[in-house]
Amino acid sequence: MLSTPTQLLRLSQGQLNLLEACPRKFQHTYLEQLNSPSNPEQEERQTLGSRFHLLMQQREMGLPIDSFLQADAKLQSWMLAFADTAPEILTPASDNQTFRESEHYRTLQVQDYLLTVVYDLLIADNQQAQILDWKTYPKPPNKRKLESNWQTRLYLYVLAETSDYLPENISMTYWFVQSEGKPQNIKFNYNTAQHTQIAKKLNHLLSQLTIWLENYQNNQQFPQVVEGSKTCDYCQFAKRCDAYDGKLRTQATEEVVKDSLPNFDSIQEVSLNPIL
Ligand code: SF4
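Read on for a plain summary of the structure. (Residues numbered from 1 in each chain as written. Predicted model: local features only at pLDDT ≥ 70, side-chain atom pairs only at ≥ 80, totals over all residues. Heavy atoms only, no water.)

Side note on the overall build of the protein
Part 1 of the argument: A count of helical and extended segments in the protein gives 12 helices and seven strands.
Part 2 of the argument: Per-residue burial over the protein gives 42% buried out of 276 residues.
Part 3 of the argument: For the protein, restricting intrachain contacts to residue pairs at least 6 apart in sequence, the fraction spanning at least 24 positions comes to 67%.
Part 4 of the argument: Accessible surface computed for the protein: about 16,000 Å², of which carbon and sulfur atoms make up 49%. (Helix = DSSP H or I, 4+ residues; strand = E, 2+ residues; numbered from the N terminus. Buried < 20%, exposed > 50% of the residue type's maximum accessible area, 1.4 Å probe, protein only. Contact = heavy atoms within 4.5 Å. Areas by Shrake-Rupley, 256 points an atom, 1.4 Å probe, with all protein chains shown as cover.)

Listed below in C-alpha cells is the structure:
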C-alpha cells in the first residue's frame, strides 16, 4: 500500500501562547507576518539574552568562555552571580549516571502538528528529569502567570510524553539571572493530573486551529478576542482590527481578507511518512 506524506505544521510554545491570547493576532503574526520592527532597546536586550544562552551552552560543552566574559562586564556579572547562587547546576555530577545536555531539542506530534521544544539545559538521572530555562529579563513574573504560560505547560508535557519519566518525576525551573540582589528561581513540579489537563487543553486548541486554518483558506479570518478586551490595549494590530469601534472593525476585516493570501511559510511544514 502506498502512503502519502502527512504535512505537519511545526508549532512552538510562543505560537501557542499567541493563539490562546488572540487567534487573530496569531493570524497577523504568523500567517501574514505583519510584525512591527522591534525597537533598538528591545534588540539590545534580545542580543544580550542570546549571548548569555550561547555562553551557557559553550560552558556546558566544555568550550572556553573566558574571553567572552572578559569582553562583556554584564555577562560576566550574571555568570559569576549564577555560579555563586547555584553551583550545583554548573557542576556536573561525578557519577557518570547523569545525562546533561544544553539546547536539548525534542518534538512531539499531536494531531497534524509537530510541537517543538528546546530546553536550555536538561539534567536527568535514573530517578528524575529537570528542565532548566535561563531568563535574562530583570524581574521574575507572577508564578501563576508563568505556570499557565505555554512554555511551562508544553515543556513539561513534551518531556513526559517522549520519555519514560512519570510526570511526578519531572520538574521545570526558570532561573532569572538578572534579578536584583542575586539570581532567583521559580520551580514547577509536575503531576499526572496536570498532564491530563494539559493534554485536553492542547488537543482542544489544536482542533480549533485546524478549523481556523481551513476557514482562513476560504477567506475567513481567525476570531478576535471579545471587544473591549484588555489584550487589545497593548496590541500592535489594534488599528488594523479597529478594536475600539465595532462597526469599523467589520470593514477593516473585509479589506484585510481581500489583500491577504494564506501564507503558511512562517509556520514550517514538516513531511512525515505515516507508519504502515
Ligand atoms: S487588536 Fe485585539 S482582536 Fe485585534 S489582533 Fe490585537 S488582540 Fe486581537
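Description of the site of the ligand
Part 1 of the argument: In the vicinity of the ligand, the contacting residues are Cys-22, Arg-24, Lys-25, Gln-224, Val-225, Thr-231, Cys-232, Cys-235, Phe-237, Ala-238 and Cys-241.
Part 2 of the argument: When residues of the shell around the ligand are traced back to their parent elements, those giving at least two are helix H2 (23–31), helix H10 (230–233) and helix H11 (238–241).
Part 3 of the argument: A per-class count over the shell around the ligand returns seven nonpolar, two polar and two charged. (Near = heavy atom within 4 Å. Nonpolar A, V, L, I, M, F, W, Y, C, P; charged D, E, K, R; others polar.)

Side note on the packing of aromatic side chains
Here the distance between the centres and the angle between the planes together describe a pair of aromatic rings.
Part 1 of the argument: The final tally for this structure, using the stated rule, is 10 aromatic pairs.
Part 2 of the argument: Taking the centre distance of 5.8 Å and the plane angle of 75° together, the rings of Phe-52 and Trp-78 count as edge-to-face. Here Trp-78 lies in helix H5 (residues 73–85) and Phe-52 lies in helix H3 (residues 40–60), a separation of 26 residues in the sequence.
Part 3 of the argument: A relative accessible area of 0% means that Phe-52 is categorised as buried.
Part 4 of the argument: Residue classification places Trp-78 among the buried residues on the basis of a relative accessible area of 5%.
Part 5 of the argument: Among the aromatic residues, those joined into a ring-pair cluster are Phe-26, Tyr-30, Trp-212, Tyr-216 and Phe-222.
Part 6 of the argument: A cation over an aromatic ring shows up here: Lys-143 above the ring of Phe-188, its NZ or CZ 5.3 Å from the ring centre.
Part 7 of the argument: Over the aromatic face of Trp-150 sits the side chain of Arg-153, whose NZ or CZ is 3.9 Å from the ring centroid. (Phe/Tyr/Trp six-rings, centres within 6.5 Å; stacked < 30°, edge-to-face > 60°. Lys NZ or Arg CZ within 6 Å of the ring centre and 35° of its normal.)

Some points on the packing of helix H1 (residues 13–21) against H2
Part 1 of the argument: Packing of H1 against H2 leaves a shortest axis separation of 5 Å and a crossing angle of 135°. Regarding the angle of H1 to H2, the classification is oblique. Each of Gly-14, Gln-15, Leu-18, Leu-19 and Ala-21 in H1 lies in contact with H2, whose residues at this interface are Pro-23, Lys-25, Phe-26, Thr-29 and Tyr-30.
Part 2 of the argument: Residue composition of the contact of H1 with H2, by class: six nonpolar, three polar and one charged. (Axes fitted to C-alpha atoms, helices over the stretch in contact; angles between N-to-C directions. Parallel < 35°, antiparallel > 145°, perpendicular 65-115°, else oblique.)

Brief notes about H1
Part 1 of the argument: Gln-13, Gln-15, Leu-16, Leu-18 and Leu-19 are the residues of H1 that are buried.
Part 2 of the argument: In this structure, the buried residues of H1 make contact with strand S1 (6–11), H2, strand S3 (113–124), helix H8 (150–162) and helix H9 (192–217).

Considering the environment of Asp-72
Part 1 of the argument: As for its position among the elements, Asp-72 is in the loop between helix H4 (66–71) and H5.
Part 2 of the argument: Take Asp-72: its relative accessible area is 11%, and that puts it in the buried class.
Part 3 of the argument: Apart from the residues lying within four places of it in its own chain, the contact partners of Asp-72 are Leu-48 and Arg-51.
Part 4 of the argument: In terms of polar contacts, Asp-72 uses its side chain to reach the backbone amide nitrogen of Lys-74, at 3.1 Å. (Polar contact = N/O pair within 3.5 Å; in protein donor to acceptor, adjacent residues only side chain to side chain.)

Some details on unusual backbone geometry
Part 1 of the argument: Positioned with a positive phi, Gln-33 is a non-glycine residue whose angle comes to about 50°.
Part 2 of the argument: Relative to the helices and strands, Gln-33 is located in the loop between H2 and H3.
Part 3 of the argument: The exposure class assigned to Gln-33 is partly exposed, which follows from its relative accessible area of 46%.
Part 4 of the argument: Its identity is not glycine, yet Gln-111 carries a phi of approximately 50°, on the positive side.

Details of the pattern of salt bridges
Part 1 of the argument: Under the counting rule described, the total for this entry stands at five salt bridges.
Part 2 of the argument: Arg-100 serves as the salt-bridge partner of Glu-60, at 2.7 Å between the closest nitrogen and oxygen. Of this pair, Glu-60 sits in helix H3 while Arg-100 sits in strand S2 (residues 99–110), and the two are 40 residues apart along the sequence.
Part 3 of the argument: Residue class for Glu-60 comes out partly exposed when judged on its relative accessible area of 23%.
Part 4 of the argument: On the basis of relative accessible area, Arg-100 is assigned to the buried category, the value being 17%. (Salt bridge = Lys/Arg side-chain N within 4 Å of Asp/Glu carboxyl O.)

Focus on the environment of Leu-154
Part 1 of the argument: Relative to the helices and strands, Leu-154 is located in helix H8.
Part 2 of the argument: Classification of Leu-154 by relative accessible area gives buried; the value is 0%.
Part 3 of the argument: Along the primary structure Leu-154 and Gln-111 are separated by 43 residues, whereas in three dimensions their C-alpha atoms are 15 Å apart.
Part 4 of the argument: Contact partners of Leu-154, with chain neighbours within four places excluded, come to Ser-12, Gln-13, Leu-16, Leu-115, Thr-116, Val-117 and Leu-202.

Just geometry here; none of it tells us what the structure is for.
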